[in-house]
Amino acid sequence: MLKSTTLSLIALTAATPAFAQTGDDIVVTASGIEQPRDEAGQAITIIDADTIETRQSVDVVDLLATTPGVRFSRTGSMGSVASISLRGAETTQTLVLIDGVKVNDPSGIGDGYDFGHLLTGNIDRIEVLRGSNSVVHGSQAIGGVVSLTTATPAKGFAAKGSAEYGYSDSFTGKADVSGTAGRISGGIGGAYFRTDGISSAAVGTEKDSYKNFAGNARLKVAFSDALSLDLRGYYINADLDYDSFFGAPADSADVAKLDQYVGYAGLNLGLFDGRFTSRAAVTWLRNDRDYYFVRGTAPDYGYSGTNLRFEYQGVVTPVEQARLIFGYEHERPDYDFFGFGSTDSQRANIDSVYALGIVQPFAGLSVTGGVRHDDHSQFGGATTFGANANYSPNDGATNVRASYGEGFKAPSLYQLYDAFSGNAALRPERSKSYDVGIDQSLADGRALVSLTAFLRNTNDQINYDNTAFTYGNIDRTRAKGVEATLALRPVDALNVTASYSYIDARDRSGRAVFDGKRLPRRAEHAVSLSADYDWSFGLSTGATLTMVGDSFDDAANAVPLDGYALAGIRASVPVGPNLEIYGRVDNLFDADYATAFNYGTYGRAAYGGVRARF
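A quick note: this is a predicted structure, and the numbers were derived from the prediction, not measured.

## Quick notes on the overall build of the protein
Consideration 1: When its secondary structure is counted, the protein shows five helices and 34 strands.
Consideration 2: A globule of 614 residues ought to have a C-alpha radius of gyration of about 25 Å, and the protein, at 24 Å, matches this closely.
Consideration 3: Overall size of the protein, expressed as C-alpha extent along the three principal axes, is 60 × 60 × 50 Å.
Consideration 4: Within the span of the protein, comprising 614 residues, buried residues form 52% of the whole.
Consideration 5: Contacts in the protein between residues far apart in sequence, at least 24 positions, make up 61% of those at least 6 positions apart.
Consideration 6: Taken as a whole, the protein presents about 25300 Å² of accessible surface, with 59% of it coming from carbon and sulfur.
Consideration 7: Between the centroid of the 53 positive side chains of the protein and the centroid of its 71 negative side chains there is a distance of 3 Å.

## Notes on the pairing of strand S27 (residues 494–507)
Consideration 1: Relative to S27, strand S26 (residues 470–488) runs antiparallel, the two sharing twelve bridges. Note that in S27 the partner of valine 482 across the bridge is tyrosine 502.
Consideration 2: Count of turn residues in the S26/S27 antiparallel hairpin: five residues.
Consideration 3: Bridge count between S27 and strand S28 (residues 525–534): nine bridges; the pairing is antiparallel.

## Brief notes about the pattern of salt bridges
Consideration 1: Counted by the stated rule, this structure contains 39 salt bridges.
Consideration 2: A salt bridge links arginine 218 to aspartate 99; its shortest N-O distance comes to 3.0 Å. Taken together, the positions of arginine 218 in strand S13 (residues 210–222) and aspartate 99 in the loop between strand S6 (94–98) and strand S7 (101–102) put the pair 119 residues apart, joining distant regions of the chain. Of the two residues examined, arginine 218 and aspartate 99, each falls in the buried class.

## What about the side chain of asparagine 122?
Consideration 1: For asparagine 122, the location among the structural elements is in the loop between S7 and strand S8 (123–130).
Consideration 2: Judged by relative accessible area, asparagine 122 falls into the buried class, the value being 11%.
Consideration 3: Side-chain polar atoms of asparagine 122 contact the backbone oxygen of alanine 175, separated by 3.3 Å.
Consideration 4: One polar contact links asparagine 122 to asparagine 216, side chain to side chain, over a distance of 3.3 Å.
Consideration 5: What asparagine 122 contacts, discounting residues up to four positions off in sequence, is Thr150, Ala151, Lys174, Ala175, Asp176, Gly189, Gly190, Ala191 and Asn216.

## Section: the sheet that holds strand S9 (residues 144–150)
Consideration 1: With mixed pairing, five strands are arranged side by side in an open sheet as S3-S8-S9-S6-S7. The open sheet has two edge strands with one neighbour each: strand S3 (43–47) and S7.
Consideration 2: Relative to S9, S6 is paired through five bridges, and the arrangement is parallel. Note that in S9 the partner of leucine 95 across the bridge is valine 145.

## Some words on the environment of threonine 92
Consideration 1: Take threonine 92: it is sitting in the loop between strand S5 (82–86) and S6.
Consideration 2: In sequence terms threonine 92 and leucine 561 are 469 residues apart; their C-alpha atoms lie 21 Å from each other.
Consideration 3: Ignoring sequence-local partners within four residues, the contact set of threonine 92 consists of Gly110, Gly112, Gln140 and Lys409.

## Topic: the packing of aromatic side chains
Consideration 1: With the rule as written, the count across this model stands at 22 aromatic pairs.
Consideration 2: Seen in terms of ring centroids, phenylalanine 310 and tyrosine 328 are 6.4 Å apart; in terms of plane orientation they differ by 50 degrees. Their pairing is tilted. Here phenylalanine 310 is found in strand S17 (residues 301–319), whereas its partner tyrosine 328 is found in strand S18 (residues 322–339), with 18 residues between them in sequence.
Consideration 3: Here the aromatic residues Tyr242, Tyr291, Phe293, Tyr301, Tyr303, Phe337 and Phe340 are joined through ring pairs into a cluster of three or more.
Consideration 4: Sitting over the face of the ring of tyrosine 292, lysine 257 holds its NZ or CZ atom 5.1 Å from the ring centroid.

## Comments concerning the environment of lysine 480
Consideration 1: Structurally, the position occupied by lysine 480 is in strand S26.
Consideration 2: For the pair lysine 480 and alanine 558, spaced 78 residues apart in the sequence, the C-alpha separation amounts to 22 Å.
Consideration 3: Those residues in contact with lysine 480 that sit more than four places away from it in its chain are Phe454, Leu455, Tyr502, Ile503 and Asp504.

Reading guide: rules and limits
- Residues numbered from 1 in each chain as written.
- Predicted model: local features only at pLDDT ≥ 70, side-chain atom pairs only at ≥ 80, totals over all residues.
- Heavy atoms only, no water.
- Helix = DSSP H or I, 4+ residues; strand = E, 2+ residues; numbered from the N terminus.
- Rg over C-alpha atoms; globule rule 2.2 N^0.38 Å.
- Buried < 20%, exposed > 50% of the residue type's maximum accessible area, 1.4 Å probe, protein only.
- Contact = heavy atoms within 4.5 Å.
- Areas by Shrake-Rupley, 256 points an atom, 1.4 Å probe, with all protein chains shown as cover.
- Lys, Arg positive; Asp, Glu negative; His and termini not counted.
- Charge placed at Lys NZ, Arg CZ, Asp CG, Glu CD.
- Pairing = 2+ DSSP bridges.
- Salt bridge = Lys/Arg side-chain N within 4 Å of Asp/Glu carboxyl O.
- Polar contact = N/O pair within 3.5 Å; in protein donor to acceptor, adjacent residues only side chain to side chain.
- Phe/Tyr/Trp six-rings, centres within 6.5 Å; stacked < 30°, edge-to-face > 60°.
- Lys NZ or Arg CZ within 6 Å of the ring centre and 35° of its normal.

Distances and angles like these do not, on their own, reveal function.
Right, dumping it as structure tokens:
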């Protein structure tokens, strides 16, 4: 239950100011271009490279779980399906970008993204925008956006690597090299992970092993001060033993394999001393998923999703206080399936235009507003609007934020065209999102307190209709809540951060069995508290406590999931100028918990490793 414990921790963190972010922090997800965070009126969290390294997390989901407004679930061992919900939205309503490329899977039932195979590897930065923002990002940005980027190439030359071993014969190794020579810069990296895992079925005894390789590459060529070429690539190969999910999970010999290819090629042009910039790019995603009932045989069924996109974006800056962003996008998702004696192949075309204005009418105030229209080859058009403002009366010490955003999500190809359950008459899901917040810097920048209240209404939400035996626009939902982030750096050696979020996400469909019920796997309360200390003799130590309240596993609220608390500790120490030894213990008190009913979770687990930099 966690109620009294959660309240006591809220009281503790409410009395603890937050570590200040500087006004030079840059965000991208708010408007689609780089801009100072204090220009944006939306709620955005940045997980930077230092945080990723300090936390020692192998899994991106573990980092996201400490972010306000985020709820997650995982169906067992490392590599199993992991889903992220932002502010109580459906997991399929989270838009995911890797190095600027949309990676939501067109072959998925709802075009969602499986975070189970996304490890930290050479990820350098994670930006999380909470709230609907389809004006900038198009379909799926109803709950928000998760944008992950690899490191930009170093000036000169740099290389780094690490190796780690721990619980369940787990091994992680990664390396990255990058550099710049004249007008050319580039980098390449790779990360490998393997583990014997745990049983994905809670009642199982057979461990489900997992292997994952991720590779990334960047190349930038500046032909002149005005013209440059930008190439990026990301690849994931994964191999997972999993327990059958046809019915209650139980030990089985099932295997899933994934190949994910992500590519970006863009030209950047700046004219008139940078007052007019253009970006034209082609992006490509391919997601191949094959499933085997027994390892060593031909795949029994599989899916392949491809998304080819063309993007043009222009930015005009007539005066320093105003910018106009406009663009055109063409997207062609396609979907292929084989198995069970049949095959299927479907595709769609989406053409989009948008315009966004950012104006600073006087010092301290930034106002943004925009409109977008998407034309889908099946259901027709969808128009979305958005606006936000950020005002500081005291040169950034206080920032008052407000935003209104509309979101839409196109029906997936599966929902539209599946031979058994598809419905070509589906309409897009639509949302309206509101939030207001304040960020207050204290103690000469050593503290920051942020509070945000939000409300989102979603209509025409798609779900399977058990009366018509097809997908239909049969759901409506509402989510409201509060997010708080607090941190403190009382001395240079100590860094404390905390977050709390309350999310009341409920069904508003009018269907008697579900109306008014809490949406599944979305706990009302979640708290995270982290502290790290750098000792004078070189040792660094830290701990993270994450607490999640009760939830339900099903839409009827008949299957409860108990709340839980997880604690982890970590330490690192340098050995000479280029080496560092580190280690951690996850789930320190061996808590027994579940994020999905009948699926297993990790108990106490210890890991240790070494890092090198040159």
